[in-house]
Amino acid sequence: MSRRRSLTLAVGLTLVLIPAVAVIVSFFWLPFSPDDTSGGRLAPPGDGHLLGTDKLGRDLFTQLLLGGRIAFATGLGAVGVGGVLGVSLGLLAGFATRWLDDAAAVALDILIAFPTLLLAMLIVAGAGASLGTAILAIGFGLAAVVARLTRVLVKQVLSREYITAARVAGISWPRIVATHVLPNIGPVVLVNLALQTGLAVLAEASLSYLGLGTPPPNASWGRMLFEAQATVLTAPRAAIAPGVALIALVIGVNLTADGLRDLADPTRRRSR
Amino acid sequence: MTDPILEADHVGFTYRGGAPVLEDVSLAVHQGRNVALVGESGAGKTTLLRILLGLARPTSGLVKFDGSPLTRTRLRDYRRAAQAVFQDPYSSLDPRHTIGRIVAEPLRGLGLGTDRDRVTDALDAVGLPADTAGRYPHEFSGGQRQRIAIARAVVCDPRLLLADEPVSALDLTTRVRIVDLLASLGVERDLTILLVSHDLGVVAELCQQTAVLEHGRLVEQGDTAAVLGAPSHPYTRKLLASVPRLPS
Amino acid sequence: MSLLTVDGLSVRDQAGTSLVDDVSFTVEPGDRTGLIGESGSGKSLTALAVTGLLPAGLTASGEIRLGGVDMIRASERRRTAVRGRVASVVFQEPLTALDPLMPAGRQIAGPLHRFQGLRGDALRNAVRAALDEVRLTDTDRIARAYPHQLSGGQRQRVAIAMALACRPELLIADEPTTALDVTVQAEILDLLDRLVATHGTALLFITHDLPVVANVARQAYVLRAGRVVESGPTLDIIERPTDPYTRTLVESARRFDAALGRDRD
């Protein structure tokens, strides 16, 4: 791996792992109770409040940690849904021939043309706002992109002679998919999914900002940004904290994904 | 006279709504007599090979294995008896599998157990050391990859090897070595070869019988010496006249 | 003065590995020279170096004089002036050598316009004449067709028409028939032979196929691992090879040739 790549990966992982660890710790210990509004409204840092308090008097750092839980949950959840759904659809489309294939390609292109956010908003508007709906909605949006990529990769792999050789060797189609198709498309798809994770986190923040994500009092960085709008000039901390957290996490995820791209190259495998 | 191992009986193939790719092709492969299928692009060689490998069904006529029609139930037995080597050594090996896993694949797929010794034997038969099994395809050259592909094809001890342009993508000096390997394997393992090729020199070296395919039809068929030495069909003559010859 | 002089050409990659090592040869006007080699011999890199088209990351040293211009050290402007006018190239893979988004006629018109200054009707007639010259007689249909609508042989003819449209003094052909069927190969070789004779063009023919080069080139250089291991009149190389690698190459070719010859008696 080139030095630049490993540096990218190192920086990316750091930006992701620090909040990740903080979020994990948050399940065992929080500096303040989430509902504790004793701190005084928009108080500056001090008195145990690392970052001060928000407009309701709650500890800002605690809110940040809770928001982090949502960010990670959505990022991983949406990508999980999008990944499983997208790869499944992509596999089916990849194996489809002639008119079915053309139909699948067109359908996917139409779905992708739909802005993910708009799609998510429609789903949430219809099904009601909650973390689960947000995850599903974003997941569906991602699924289309993943499916399109998977379809192309599957077609490429199916055209290789080692697939024909496997069939002549008597290997069944399910086994061919498991041992030849998935391992060969896997790395590229996984890197793509890693990149989508950043988009998923941003999508959730956008939905929450618009009031369509997890409903209050559950914290979400997007929601925090919305609530901090009114007081951004007098107490910018309340907006900067979730803003920086969001930016740092998304950059971290993107850098990690970029650093992982070398994994997609089979010639890196060393012999045992 | 025993039944031919493999036979195409008036095989025809047409895509739905398209022109015929193959028409009335009849050819038989007998044990001990290598057969060459000669033709240029568009002749239908690839389609015929897929049909003969049981990967596609002819739209007319049938394929016979050991004298009886090749049905789905007989497919596994057929595959134990007939394996294949393909043209592109850079496409026929899964880059994510080790050589050992690649060569053992037919054993697994045809229910023949996972005896590692058979893999080592196959690698040895093609002149590759046993430690090859732990390495990956990208570590090998085109000629070596083709050897690996041949090892995979012979690991289950087939009687028939269908080879699709096995040396076309190789350098001249490597080509000679692989042709020699195929010839010696034929003798050592009692292996008959059905060679699909446009290279008449290779055909002349390896095969006792030659069939010439043009636009989906067999225009000439017989002993290689006769077909190449005194061709009767104008297309065969044209093919022969086109082969660049060394000055004598 | 020789048309092309290559003197001590060496090509290295970024890691310092030598891909072409001290290669020297000349091509006189009207000459037919062959570069014989298998994969990894450096023959294609030599052709690219001669036209100043080495990929980024590779450095050339030594001297290459093409039409009087130093192709290694000259500015890109001077090198571009040489390309097409002095030397043009036909590559192995016509599908990737032609622009897939442009009809064949327009692609031929390009060099005709650039080098002969033709436009309008004169240009259209010249395109038709060029297609006729390479025996693509259905000129209107071919001119309108996109590369993927043409067969391999037709594409290669279009590529040859483009290369000769500039009336170069030297035509470099890098494995021009390797990807073609054997009957098509015979036709293309015949065409090349006729055209270079008609126009007095010099030919640098690069291939691994000994029988082909024997029928095309008067003199040849055998390349192995980036070095010239043998050179001289092609017939001498084939009948009396001195270098061990060349001997192996010739023996291999004779094997298959003899197998055919035997049957033809």
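Everything here concerns the structure above.
One structure accompanies this document, and this report is about it. (Residues numbered from 1 in each chain as written. Chains lettered and ligands numbered in written order. Predicted model: local features only at pLDDT ≥ 70, side-chain atom pairs only at ≥ 80, totals over all residues.)

**Some details on the interface of chain C and chain B**
Reasoning step 1: Opposite the 29 residues of chain C that make contact, chain B presents 25 residues.
Reasoning step 2: Looking at the side of chain C that touches chain B, the elements with two or more residues in it are α8 (182–199), α9 (210–216), α10 (234–239) and α11 (244–264) of chain C.
Reasoning step 3: The element that contributes the greatest number of residues to the side of chain C that touches chain B is α11 of chain C, accounting for 12 residues.
Reasoning step 4: For the side of chain C that touches chain B, the residue count by class is 13 nonpolar, 7 polar and 9 charged. (Contact = placed C-beta atoms within 7 Å. Helix = DSSP H or I, 4+ residues; strand = E, 2+ residues; numbered from the N terminus. Nonpolar A, V, L, I, M, F, W, Y, C, P; charged D, E, K, R; others polar.)

**Some points on the nonpolar core**
Reasoning step 1: Among the nonpolar cores identified, the biggest contains 232 residues, and Leu37, Val103, Ala151, Leu162 and Leu195 of chain B together with Ile108 and Ala161 of chain C are the most heavily contacted of them.
Reasoning step 2: Broken down by element, this core gets its largest block of residues, 16 residues, from helix α5 (residues 131–158) of chain A.
Reasoning step 3: Residues contacting alanine 161 of chain C, with those up to four places away along its chain left out, are Ile108, Ala130, Leu131, Glu133 and Val134 of chain C. (Core = buried A, V, L, I, M, F, W, Y, C linked by C-beta atoms within 7 Å. Buried ≥ 20, exposed ≤ 12 C-beta atoms within 10 Å, placed from the backbone.)

**So, the pairing of strand β1 (residues 6–14) of chain B**
Residues and elements named next belong to chain B.
Reasoning step 1: In this structure, β1 lies alongside strand β4 (residues 60–65), joined through 5 bridges in antiparallel fashion. Paired with leucine 6 across the two strands is phenylalanine 65, which belongs to β4.
Reasoning step 2: As paired elements, β1 and strand β2 (residues 20–29) share 6 bridges and run antiparallel to each other. Each bridged residue has a counterpart across the sheet, and for alanine 8 the counterpart in β2 is leucine 27.
Reasoning step 3: Hairpin remark: β1 followed by β2, antiparallel, with 5 residues in the connecting loop; positive phi at glycine 17, about 75°. (Pairing = 2+ DSSP bridges.)

**Here's the deal with the packing of helix α3 (residues 99–109) of chain B against helix α4 (residues 116–125) of chain B**
All names here are of chain B.
Reasoning step 1: Interhelical geometry of α3 versus α4 gives an angle of 110° and a closest axis separation of 10 Å. With respect to α4, the element α3 is oriented roughly perpendicular. Of the two elements, α3 crosses α4, and the hand of that crossing is right-handed. Here Gly100, Val103, Ala104 and Leu107 of α3 lie close against α4, whose contacting residues are Arg118, Val119, Ala122 and Leu123.
Reasoning step 2: Partitioning the contact of α3 with α4 into residue classes produces 6 nonpolar, 1 polar and 1 charged. (Axes fitted to C-alpha atoms, helices over the stretch in contact; angles between N-to-C directions. Parallel < 35°, antiparallel > 145°, perpendicular 65-115°, else oblique. Left-handed = near helix turned anticlockwise from the far one by under 90°.)

**Here's the deal with the environment of alanine 129 of chain C**
Reasoning step 1: Structurally, alanine 129 of chain C can be placed in helix α5 (residues 120–133).
Reasoning step 2: Given 14 C-beta atoms within a 10 Å radius, alanine 129 of chain C is considered partly exposed.

**Some points on the pairing of strand β6 (residues 87–90) of chain C**
For a regular strand, side-chain orientation follows a simple rule: the groups alternate between the two sheet faces.
Residues and elements named next belong to chain C.
Reasoning step 1: Of the two faces of β6, both are covered, the one formed by Ala87 and Val89 as well as the one formed by Ser88 and Val90.
Reasoning step 2: Sheet topology places β6 next to strand β7 (residues 170–174); 4 bridges connect them, and they run parallel. Residue pairing across strands places alanine 87 opposite leucine 170, the latter belonging to β7.

**Points about the sheet that holds strand β9 (residues 219–224) of chain C**
All names here are of chain C.
Reasoning step 1: Pairing is mixed in the open sheet, where 6 strands are placed in the order β6-β7-β8-β3-β9-β10. The open sheet terminates on both sides in strands that have one partner only, identified here as β6 and β10 (227–233). Across the sheet, the axes of successive neighbouring strands diverge by a mean angle of 15°, strand direction being ignored.
Reasoning step 2: With 5 bridges connecting them, strand β3 (residues 32–36) and strand β8 (residues 202–207) associate as parallel partners. From the neighbouring strand, threonine 33 faces β8, where its bridge partner is leucine 204.
Reasoning step 3: Across the sheet, helix α1 (residues 43–50) lies against β3, β6, β7, β8 and β9, angled at about 150° from β7, the strand it touches most.

**Side note on helix α8 (residues 221–228) of chain A**
Residues and elements named next belong to chain A.
Reasoning step 1: Taken across its 8 residues, α8 has 6 buried, putting it largely inside the fold.
Reasoning step 2: Of all the positions in α8, only Trp221, Gly222, Arg223, Met224, Leu225 and Ala228 are classed as buried.
Reasoning step 3: Contacts made by the buried residues of α8 are with α2 (60–95), α7 (173–209) and α9 (237–259).

**Here's the deal with the interface of chain A and chain B**
Reasoning step 1: Taken together, the contacts link 19 residues of chain A with 24 residues of chain B.
Reasoning step 2: Mapped by element, the contributors of at least two residues to the side of chain A that touches chain B are α6 (161–168) and α7 of chain A.
Reasoning step 3: Sort the elements by how many residues they give to the side of chain A that touches chain B and α6 of chain A lands first, with 7 residues.
Reasoning step 4: Tallied by class, the residues present in the side of chain A that touches chain B amount to 8 nonpolar, 6 polar and 5 charged.

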